[in-house]
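# Report on the structure
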Amino acid sequence: MNSITFIIISVFTLAGALAAATLPNLMHAAFCLVLALLGLASFFFLLGAEFVGLALVFIYIGAVAVLIVFTILLTRRDSKEHYAINWSGVLIALAVFAGLTWAVLKTQSLSVVPPQIRTLTVKQIGQTLMTGYVWPLQCVGLLLTAALIGALVLVMEERR
Amino acid sequence: MSSALDQIFVHGKRWLLSWVAGAPDWVIQITSSLINIVALLAVFLTLFALISVLERKILARMQNRYGPNRVGPFGLFQPVADGIKMLIKEDIVPARADKVVHFLAPVVLAAVAILTLGVIPYGRNMTAFAINGGILFFFAVGSATELAVFMAGWASNNKFSMLGAMRAIAQMFSYELPLIIAVLPVVMAVGSLVPDTIITAQGEYTLGVVPRWFVFTPWGAAAFILFFVSGLVESNRTPFDVPEGESEIVAGHMTEYSGFKYATFFLAEYLGMFAVSGLAVTLFLGGWHPPARILEFVPSYIWFFAKLSVLLFVYIWLRGTLPRMRVDQMMNVAWKFMLPMAFTCVIAAAVWHYAGRGMRGWLWSLFVIVVVYSALSILLDTRRKFAPRVYRFAE
Amino acid sequence: MTPTLQAFVIVSVVLFSIGLLAALSRRHAIFILIGIEMMLAAANLNFIAFWRFAPPPHPPTGVMIAIFSIAISAAEAAVGLAMVIAVYRHYRTTNVDQYDQLKG
């Protein structure tokens, strides 16, 4: 793990996230969110969790980002108005950031270097999912089915 | 001797790397990656140029005429002429288009298509980037294609482009499900996501003559057909080229692009075609293995590109033969037929595995697939929904 | 110099607070959803970072939680966006300050 790689990826990710949060144009913000998520996937690769990184690209960028972009398209009025920023929200976010950073910097036990680990293969993830985590797996399946049906029901046109 | 010919590119790369042997570790890694990338780009851009002219000639011969035959011997230098034409065209961007996104859309599309080419094994020990979740990487990166198409459609600020982009995305993500689920039986049967391992698992020969490719099992044949058709749709080829339907929505999401950016869209489409065909060869047709054990003296990459060429010829043949499908027919096929068939392939592969992988398993999985296919054909029969045709004037 | 766990957690905190900024200060419904997705992604980064830096009996718990979290956030994004579309049909605006009546 290289320090330079870490700095480059973190700058990329945080710049993308900041752009996604503050750009006035909604489409540009959605595309910057995609950039931030790509940076996050690179973080996961850096940390050795390749399967999660690929799953992130697949699910977030391939599906959630497309969904966000479609919804922007479907709920757009042609006047392109930009709504005002709520400054109290900015203050709360800054306060949370300050508090959490202070807590993290104060904790001494976090200044550790990465230990040597065996790489986690997809086979091991699959085995763990099917043995130790089989109940959460089934629950997530049910949850996804419920979300699918729920989203469809919400968007269906009402029959008069 | 044949082994030396087989590994000629591997040895060539090792010789090139020996020039930077003394440098620090990261320099060697970057040089190695650069050599892989340059080789990949060289091969596939040449193949793109060749296929673009061969497609026109093959389509022409199917339509009983010559294709381009003026530029160079048999017209094979036509891509050079096309490239020069595309490069010197004026690059028109609409005044109210979103300039950054308009520029980035073809770039992202082409980049994604080239990235997917990196995980396919082209020969023995000849994978550009062997990562631990190769197949997942292919699909994860390939699913970013939809976003690039949407960027193209939206940035043009044009209603036709937007309609074309929405149609293209609807088509692409409906067929992405059969595409990915058709790969699941192969991954299940092999137990690994690494393309090299999948090819090694298809390396045996029954009686030394019949190769144990997955396409020769019933679930493999059904999954191969589903994967192939879904690949056709993902690269927007006829009969599924509704997004670029020229008679309907001008050029869909590519309407406002001119010159080299238009060429980049076609580059991305063809590279996507190569990537999906390459993956089909890897997963179902045994990769770089020869069809019979006695033919092993021919280098492995020759076999890979021969199988790839056969699949590309079938793509071009389908383009020359079939008319365009209607959008609702296409969606019906995807959701009502191909998705259940894809799930059936997964079940049939499990049945094949648990009934022993021999003749018994073969017959049982064939039974499962035939039962579900017949049930679907009966349930989805639309012949009874139309009234009999009445001719008023032609009796 | 390799990055310590502190560095990763700080990046996760910054990403989380940027997501919180987007969710609390913007008035467009979809921006709020973008902020929520960013917060979930930051939490995932936190989990994976702690998994990586764990001492020798090395359970894959962090990776498992991250996988489930990604699946759940995808489901929640789908339902949230469907709600935005449904509410837009009724109010014809996506400014959350104007969603101020309980009865349609």
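Rules behind the numbers
- Residues numbered from 1 in each chain as written.
- Chains lettered and ligands numbered in written order.
- Predicted model: local features only at pLDDT ≥ 70, side-chain atom pairs only at ≥ 80, totals over all residues.
- Helix = DSSP H or I, 4+ residues; strand = E, 2+ residues; numbered from the N terminus.
- Rg over C-alpha atoms; globule rule 2.2 N^0.38 Å.
- Buried ≥ 20, exposed ≤ 12 C-beta atoms within 10 Å, placed from the backbone.
- Contact = placed C-beta atoms within 7 Å.
- Nonpolar A, V, L, I, M, F, W, Y, C, P; charged D, E, K, R; others polar.
- pLDDT = per-residue confidence, 0-100.
- Core = buried A, V, L, I, M, F, W, Y, C linked by C-beta atoms within 7 Å.
- Domains from an automatic or database assignment.
- Axes fitted to C-alpha atoms, helices over the stretch in contact; angles between N-to-C directions.
- Parallel < 35°, antiparallel > 145°, perpendicular 65-115°, else oblique.
- Expected span 1.5 Å × (residues − 1).
- Bend = angle between axes of the 7 residues up to and from the residue.

### A word on the overall build of chain C
- What chain C contains, in helices and strands, is three helices and zero strands.
- Across chain C, helices and strands are ordered from the amino to the carboxyl terminus as α-α-α.
- In terms of overall dimensions, chain C is more spread out than a globule: its C-alpha atoms have a radius of gyration of 18 Å, far above the 13 Å expected for 104 residues.
- Projected onto its principal axes, the C-alpha positions of chain C cover 60 × 25 × 20 Å.
- For chain C, the proportion of its 104 residues judged to be buried stands at 50%.
- The long-range share in chain C, meaning contacts at least 24 apart out of those at least 6 apart in sequence, stands at 50%.

### Considerations on the interface of chain A and chain B
- Taken together, the contact pairs 15 residues of chain A with 17 residues of chain B.
- Mapped onto the side of chain A that touches chain B, the elements with two or more residues apiece are helix 2 (26–46) and helix 3 (50–74) of chain A.
- Here the side of chain A that touches chain B takes 10 residues from helix 3 of chain A, the largest share from any one element.
- Residue classes in the side of chain A that touches chain B are distributed as 12 nonpolar, two polar and one charged.

### Some remarks on the interface of chain A and chain C
- At the interface, 68 residues of chain A touch 61 residues of chain C.
- Looking at the side of chain A that touches chain C, the elements with two or more residues in it are helix 1 (3–22), helix 2, helix 3, helix 4 (87–106), helix 5 (122–131) and helix 6 (134–155) of chain A.
- Among the residues forming the side of chain A that touches chain C, the class breakdown is 55 nonpolar, 13 polar and no charged.

### Some remarks on unusual backbone geometry
Residue and element names in this part refer to chain B.
- The backbone of Phe74 sits at a positive phi, close to 55 degrees, despite the residue not being glycine.
- Here Phe74 is to be found in the loop between helix 3 (25–62) and helix 4 (78–88).
- Positive phi is not limited to glycine here, since Asn236 has a value of about 55 degrees.
- In this structure, Asn236 sits in the loop between helix 10 (218–234) and helix 11 (260–283).
- Assessed through the 24 C-beta atoms surrounding it within 10 Å, Asn236 is described here as buried.

### Topic: the confidence of the model for chain C
- Averaged over all residues, the pLDDT of chain C equals 89, while 98% of them reach at least 70.
- For this predicted complex, the interface confidence score (ipTM) comes to 0.89, while the overall pTM stands at 0.89.

### Thoughts on the nonpolar core
- Core analysis: the biggest nonpolar cluster contains 175 residues, and A:Leu37, A:Ala65, C:Ile34 and C:Ile48 have the highest contact counts within it.
- If you tally residues by element for this core, the top one is helix 3 of chain A, at 16 residues.
- The residues that make up this core include at least three from each of domain 1 (1–78) and domain 2 (120–160) of chain A.

### Quick notes on the packing of helix 2 of chain A against helix 3 of chain A
Residue and element names in this part refer to chain A.
- Direction vectors running N to C along helix 2 and helix 3 enclose 175 degrees, while the axes themselves pass 9 Å from each other. When the axes of helix 2 and helix 3 are compared, the pair comes out roughly antiparallel. Each of Leu26, Met27, Ala30, Leu33, Val34, Leu37, Leu38, Leu40, Ala41, Phe44 and Phe45 in helix 2 lies in contact with helix 3, whose residues at this interface are Glu50, Val52, Gly53, Leu56, Val57, Tyr60, Ile61, Ala65, Ile68, Val69 and Ile72.
- The residue makeup of the contact of helix 2 with helix 3, split by class, is 20 nonpolar, one polar and one charged.

### Description of the packing of helix 3 of chain A against helix 3 (residues 61–91) of chain C
- Contact pair helix 3 of chain A / helix 3 of chain C: the axes reach a minimum separation of 10 Å and the direction vectors enclose 5 degrees. As summarised for this structure, helix 3 of chain A and helix 3 of chain C are arranged roughly parallel, according to the angle between their axes. Residue-level inspection shows A:Val52, A:Ala55, A:Leu56, A:Ile59, A:Ala63, A:Val64, A:Leu67, A:Ile68, A:Thr71 and A:Leu74 of helix 3 of chain A in contact with helix 3 of chain C, the latter providing C:Val63, C:Ala66, C:Ile67, C:Ile70, C:Ala74, C:Ala77, C:Ala78, C:Leu81, C:Val84 and C:Ile85.

### A few points about the environment of A:Val90
- Mapped onto the secondary structure, A:Val90 falls in helix 4.
- Residue A:Val90 is classed as partly exposed on the basis of its C-beta count, with 17 C-beta atoms lying within 10 Å.
- Measuring from C-alpha to C-alpha, the distance between A:Val90 and A:Leu143 comes to 33 Å, with 53 residues separating the pair along the chain.
- Apart from residues no more than four positions distant in its own chain, A:Val90 is found in contact with A:Ile85, C:Leu21 and C:Ser25.

### Concerning the environment of B:Ala268
Residues and elements named next belong to chain B.
- Residue position: Ala268 is located in helix 11.
- Spatially, the C-alpha atom of Ala268 lies 29 Å from that of Met341, the residues being 73 residues apart in sequence.
- Not counting residues up to four positions away in its chain, the partners in contact with Ala268 are Pro106, Leu109, Ala110 and Ala113.

### Remarks on the arrangement of the chains
- With two pairs of chains in contact overall, the greatest share of contacts is found between chains A and C.
- Regarding chain B and chain C, which are not in contact, the minimum distance between any of their C-alpha atoms is 14 Å.

### Description of the environment of A:Thr145
- By the element assignment, A:Thr145 lies in helix 6.
- Given 11 C-beta atoms within 10 Å, A:Thr145 falls into the exposed group.

### Some words on helix 13 (residues 327–354) of chain B
Residues and elements named next belong to chain B.
- If you check helix 13, its first and last C-alpha atoms are 40 Å apart, about what 28 residues at 1.5 Å a residue would give, namely 40 Å.
- Maximal helix bending in helix 13 amounts to about 35 degrees, located at Met338; proline Pro340 follows within four positions.
- When we look at burial in helix 13, the residues that qualify are Met330, Ala334, Met338, Met341, Ala342, Thr344, Cys345, Ala348, Ala349, Val351 and Trp352.
- Of the residues trailing helix 13, Gly356 is marked for its positive phi of about 80 degrees.

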